[in-house]
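Now for the letters of each chain:
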Amino acid sequence: MSPIEPEGVRGQSTTRRWRNVRLRTLLIWLAVVPTLAMGTQVTVTAQRLLAQSEQLRADVEAAERIGAPLYTLMVDMQAERTATAAQWAGNDGAEGELRARRAATDLAAAEFRRLADDPSRSFAEVTRQLDKLPAYRQRADTRSGAADSTLAYYSEVIGKVIQVYQQEFSHAEDAELAQASRPVVAMLQATEMVAREDTVLALAGPSGDLSFVGYDQFVSSLGAQRYLHEALIVPHLAEGDERFYERVVGSADWQTKTRIENTVLSGHKDTVSGIRVPAEVAGWSSAHANFSVQMTTLNIDLARSVLARGEAKAADLQTEVAWLIGGSGGGLLAVVIVVVFTTRSVLRRLHQLHVRTVTVAEETLPDVVARLQRGQSVDPAALPAVSGDRDEVGRISDAFARAVAVSVDGHRQLAAERHGFGLFASGIASRTGNLVSRQLSLTEDLQDIFGHDEALLAQLMRSDQLTVGMRRQIENLLILAGGEVPDPHTEPMRVADLLREAAAEVEDFRRIERQALDETSVEPGAISQISHLLAELLDNATRFSPPKAKVVIRAELVADGLSVEIEDRGPRVSPERYEEMNGRLHQAPPYSVLAQNAHRLGLFVVGHLADQLGATVTLRRSVYGGTCAVVVLPGELLLETEAETPREPARREPAPRALAAPEPAVEPEPEPQPVAEPEPAVEPEPVLLTGAGLPSRRTKTPAAAPARAVRPAPADAPARPALPERAPQTHIADQLRAPRAPETPVRPDTETPEEVADAWADYEQGTQTVEEELRRDQP
């Protein structure tokens, strides 16, 4: 572990890596691990069975190749041992018999040596014992030593041969073959015991005298061969071998053998030098020669039966391996198919759940929330339903459906509360708006009545502007609450008049310079909304500009409709700030965002109105360093203005300077407005004033005004309703209708340093106000 990495970090990273493993990988590993384990087990089992089969075939092949010569060697060694005992006892003709037996033994030993070339088997011990055969033959010929020791050598060699049968051909690793080979080894041992009896009786010679050691060997050999026949041979013989065995033991020769054995046991006589056997032993040689051949045949049949079983067992093992491999392969294939289908089914259901979840989260749920926020109903079929499935994927799907249902219920409750609050706010805003409209009407009446009082008129103008601003703020509340701005207009309005109406809503309307087209009009149903939108932008531009700086609003036709640009000379704004403000314009914020920006709701109002009109509003940096608001109204809201008689621009009527000296009713020439950017094709229009000196504004309850003069239309122009205009001095008292003395033109004043300092102080104060508001808007 790294010396700078804590142990907990490593554990957490390992856990995190395991958690990030894909489900597909886990399912594949879940199939691969048991498959590999099963494949490994099948492979090991198949290899073991194949090795066992190969071993059986090798044993069978070795038995067929070595077994017969080895058995021949054993029989020849037994015959040579008997002949050696007969020569030692001095029997007639024993010498010739011995030479014949030795020649047969040499041939069998040579054949065995030639075939026993496998060093992995236990043939070497027999070969090593055979190397001693010449020496013992010489001892027998010279009769050196005792006869028992010489004959014991032959017994030892024969015992090694039987041991080879036990070790190499008994198939101890296979219980069935071991059981089948047990009678073969027992028959070999029983044959050896009978051959030892034959050797002992041959050693007795013509005199029939045996030493005590020889007699003990005869008795022990007799007991051993009878035990082997009764306990290990007869119970394990097959049916056919058992019948053959019964024929052998029931033959006259075998009966003679048994009678002689019983006679020797019961009829022997003890002498000074040993034991004398009865004379009946003379018939042993002929009887032994006959039944030994039959026993040899039985031994060969038993050995061949075992070899056949071994071959069949080897074939069965190979067949078992084939079935094992085939069955295991089929099982593994079935496991793979089941795992593949299961994995695909699970992954397909999980994928469908994922797609459905993403669709609900990204499409359905936002649409449902939007519909609820708009106060519309929601179709329950569009939401995920609880299926009631009992599996894990179904439970997850049902849990998600319940979560969506809870979320929708929560949004429905919030939407209901918001809708209720909107209705509450709309009701208050409507009632308050009616009161404000009545107050405006009252203020206008007061202006008409007390217009001769210049000081009172100025205060009424100030009150009128504040009331107009209050009405716009109430309408802002109505718009944000989901309501609509009341629109009393029934006729289209020229764009120039629309800009004039919007400018009249702003407190600093004198700083607004308008440039508009007269050949384009706006639909009546959108006039109040557009006017309110432009008024909010103009108010924002005047508040964030230096006190004496101009704010220019221009309108012109573009490919997408009508473009209205409002340009101020305010402070520079960063691109990030523009991006944030444009975000407010392009999306409807929740109440939480409105609460955080309660002091700056104008942009949200503009965004709402633009969304209702289908317009786009974008804020960007102006070429003069300030801000330029670009409003693009769709062409569906525009109409072509019908031709009419050119009229004179509205005159801005100054307030009377002195009430005591009446002045004649002379209409002064309109004052030209400076243009921010030279556009010779469009002439700016002054703000239209009321008879009391206030800027004209839209009225909520239009009524007939007989005191307003209407300009006549030219004869060649099509009929078009003329816009009413106030005629000067129509609402003042009769005493004030006398003509006034013409005012002397005011010469341009030369600004003194104090005035310049005051103007600069006003500019710094406005700049500080703007910076303070911008800092409050920062998060």
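Quantities reported herein were computed from a predicted structural model and do not represent experimental measurements. (Residues numbered from 1 in each chain as written. Predicted model: local features only at pLDDT ≥ 70, side-chain atom pairs only at ≥ 80, totals over all residues. Heavy atoms only, no water.)

**Concerning the overall build of the protein**
Right, on to step 1. Along the backbone of the protein there are 19 helices and 13 strands.
Right, on to step 2. Residue pairs at least 24 apart in sequence account for 76% of intrachain contacts in the protein once pairs closer than 6 positions are excluded.
Right, on to step 3. Total accessible area on the protein is roughly 42,000 Å²; 57% of this is exposed by carbon and sulfur atoms. (Helix = DSSP H or I, 4+ residues; strand = E, 2+ residues; numbered from the N terminus. Contact = heavy atoms within 4.5 Å. Areas by Shrake-Rupley, 256 points an atom, 1.4 Å probe, with all protein chains shown as cover.)

**Let's talk about the packing of helix α13 (residues 454-480) against helix α15 (residues 527-543)**
Helix packing geometry: the angle between the two helix axes and the distance between the axes.
Right, on to step 1. Here α13 crosses α15 at 120°, and the two axes come no closer than 12 Å. Relative to α15, the element α13 lies oblique. For the element pair α13 and α15, the recorded crossing hand is left-handed. From α13, Arg 472, Glu 475, Asn 476 and Ile 479 reach across to α15, where they touch His 532, Ala 535, Glu 536 and Asp 539.
Right, on to step 2. Its residues placed into classes, the contact of α13 with α15 shows 2 nonpolar, 2 polar and 4 charged. (Axes fitted to C-alpha atoms, helices over the stretch in contact; angles between N-to-C directions. Parallel < 35°, antiparallel > 145°, perpendicular 65-115°, else oblique. Left-handed = near helix turned anticlockwise from the far one by under 90°. Nonpolar A, V, L, I, M, F, W, Y, C, P; charged D, E, K, R; others polar.)

**What to know about the packing of aromatic side chains**
Right, on to step 1. Overall, the coordinates contain 5 aromatic pairs when judged by the stated rule.
Right, on to step 2. Note on Phe 112 and Phe 123: the rings are 6.0 Å apart at their centroids and 75° apart in plane angle, and the pair reads as edge-to-face. Of this pair, Phe 112 sits in helix α3 (residues 94-115) while Phe 123 is found in the loop between α3 and α4 (124-130), placing the two residues 11 residues apart along the sequence.
Right, on to step 3. Assessed through its relative accessible area of 2%, Phe 123 is described here as buried.
Right, on to step 4. With a centroid separation of 5.5 Å and an interplanar angle of 70°, the aromatic rings of Tyr 153 and Tyr 154 are classed as edge-to-face. By the burial criterion, Tyr 153 is buried, and Tyr 154 matches it.
Right, on to step 5. Aromatic ring contacts, followed pair by pair, group Tyr 136, Tyr 153 and Tyr 154 into a single cluster.
Right, on to step 6. It is Lys 257 that lies over the ring of Trp 254; its NZ or CZ is 4.0 Å from the centre.
Right, on to step 7. Here the guanidinium or amino end of Lys 257 rests over the ring plane of Phe 291, the centre of that ring lying 6.0 Å away. (Phe/Tyr/Trp six-rings, centres within 6.5 Å; stacked < 30°, edge-to-face > 60°. Buried < 20%, exposed > 50% of the residue type's maximum accessible area, 1.4 Å probe, protein only. Lys NZ or Arg CZ within 6 Å of the ring centre and 35° of its normal.)

**As for α15**
Right, on to step 1. Here α15 is 17 residues long and its end C-alpha atoms lie 24 Å apart, about the 24 Å a rise of 1.5 Å per residue gives.
Right, on to step 2. Most of α15 sits inside the fold, with 15 of its 17 residues counted as buried. (Expected span 1.5 Å × (residues − 1).)

**A few points about the pattern of salt bridges**
Right, on to step 1. The tally for this structure, following the rule as stated, stands at 23 salt bridges.
Right, on to step 2. Note that Asp 141 and Arg 102 form a salt bridge whose closest N and O atoms lie 2.9 Å from each other. Taken together, the residues span a long stretch of sequence, with Asp 141 in helix α5 (residues 133-142) and Arg 102 in helix α3 at a distance of 39 residues.
Right, on to step 3. Where Asp 131 meets Arg 113, a salt bridge forms, and the shortest distance between an N and an O atom there is 2.8 Å. Here Arg 113 lies in helix α3 and Asp 131 lies in the loop between α4 and α5, a separation of 18 residues in the sequence.
Right, on to step 4. Of the residues examined, Arg 113 reaches a relative accessible area of 35% and is grouped as partly exposed.
Right, on to step 5. Linked through salt bridges whose partners overlap, the residues forming this network are Glu 80, Arg 102, Asp 106, Arg 137 and Asp 141. (Salt bridge = Lys/Arg side-chain N within 4 Å of Asp/Glu carboxyl O.)

**Comments concerning the packing of helix α10 (residues 252-267) against helix α11 (residues 284-373)**
Right, on to step 1. Axis separation between α10 and α11 bottoms out at 8 Å; the angle between their running directions is 125°. Taken together, the axes of α10 and α11 lie oblique to each other. Between α10 and α11 lies a crossing of left-handed hand. Taken together, the residues of α11 that come into contact with α10 (itself represented by Asp 253, Trp 254, Thr 256, Lys 257, Ile 260 and Glu 261) are Trp 284, Ala 287, Asn 290, Phe 291 and Met 295.
Right, on to step 2. Here the contact of α10 with α11 is composed, by residue class, of 6 nonpolar, 2 polar and 3 charged.

**Remarks on the nonpolar core**
Right, on to step 1. Ranked by size, the top nonpolar core spans 47 residues in total, and within it Ile 530, Leu 533, Leu 534, Leu 538 and Ile 566 carry the most contacts.
Right, on to step 2. If we skip the residues at most four places from it in the chain, Leu 533 touches Val 606, Leu 609, Ala 610, Leu 613, Val 617 and Val 631.
Right, on to step 3. Within the second largest apolar cluster, 32 residues are counted, among which are Ala 186, Tyr 215, Val 248 and Trp 254. (Core = buried A, V, L, I, M, F, W, Y, C linked by side-chain atoms within 4.5 Å.)

**Considerations on the sheet that holds strand β10 (residues 627-634)**
Right, on to step 1. Strand order in the open sheet formed by 5 strands is β5-β7-β8-β10-β9, and the pairing between neighbours is mixed. Because the sheet does not close on itself, it has two edges, and the strands there are β5 (512-515) and β9 (616-621). Going across the sheet, the axis of each strand differs from the next one's by a mean of 20°, ignoring polarity. (Pairing = 2+ DSSP bridges.)

**Some points on the sheet that holds strand β11 (residues 638-640)**
Right, on to step 1. Reading across the sheet, the 3 strands line up as β4-β6-β11 and stay open at both edges, with antiparallel pairing between neighbours. The sheet is open, and its two edges are formed by β4 (493-494) and β11, each paired on a single side.
Right, on to step 2. Bridge analysis of strand β6 (residues 520-522) against β11 gives 3 bridges, and the strand direction is antiparallel. Considered in β11, the bridge of Val 522 is made with Leu 638.

**Quick notes on α3**
Right, on to step 1. Given a rise of 1.5 Å per residue, 22 residues ought to cover 32 Å, and the 31 Å separating the end C-alpha atoms of α3 matches this to within 8%.
Right, on to step 2. Ala 94, Leu 98, Arg 102, Thr 105, Ala 108, Ala 109, Phe 112 and Leu 115 are the residues of α3 that are buried. When α3 is viewed along its axis, its buried side chains cluster within an angular range of 155° and face the same direction. For α3, the exposed residues set more than 90 degrees away from the buried face come down to Arg 99, Leu 107 and Arg 114.
Right, on to step 3. Looking at the buried side of α3, the elements it contacts are α2 (23-89), α4 and α5. (Arc of directions from axis to C-beta.)

**Description of the side chain of Glu 80**
Right, on to step 1. Residue position: Glu 80 is located in helix α2.
Right, on to step 2. Glu 80 gets classed as buried once you look at its relative accessible area, which sits at 0%.
Right, on to step 3. A distance of 2.7 Å separates a polar atom in the side chain of Glu 80 from a polar atom in the side chain of Arg 137.
Right, on to step 4. Those residues in contact with Glu 80 that sit more than four places away from it in its chain are Leu 98, Arg 101, Arg 102, Thr 105, Leu 133, Arg 137 and Tyr 154. (Polar contact = N/O pair within 3.5 Å; in protein donor to acceptor, adjacent residues only side chain to side chain.)

No statement about biological role is implied by the geometric values presented.
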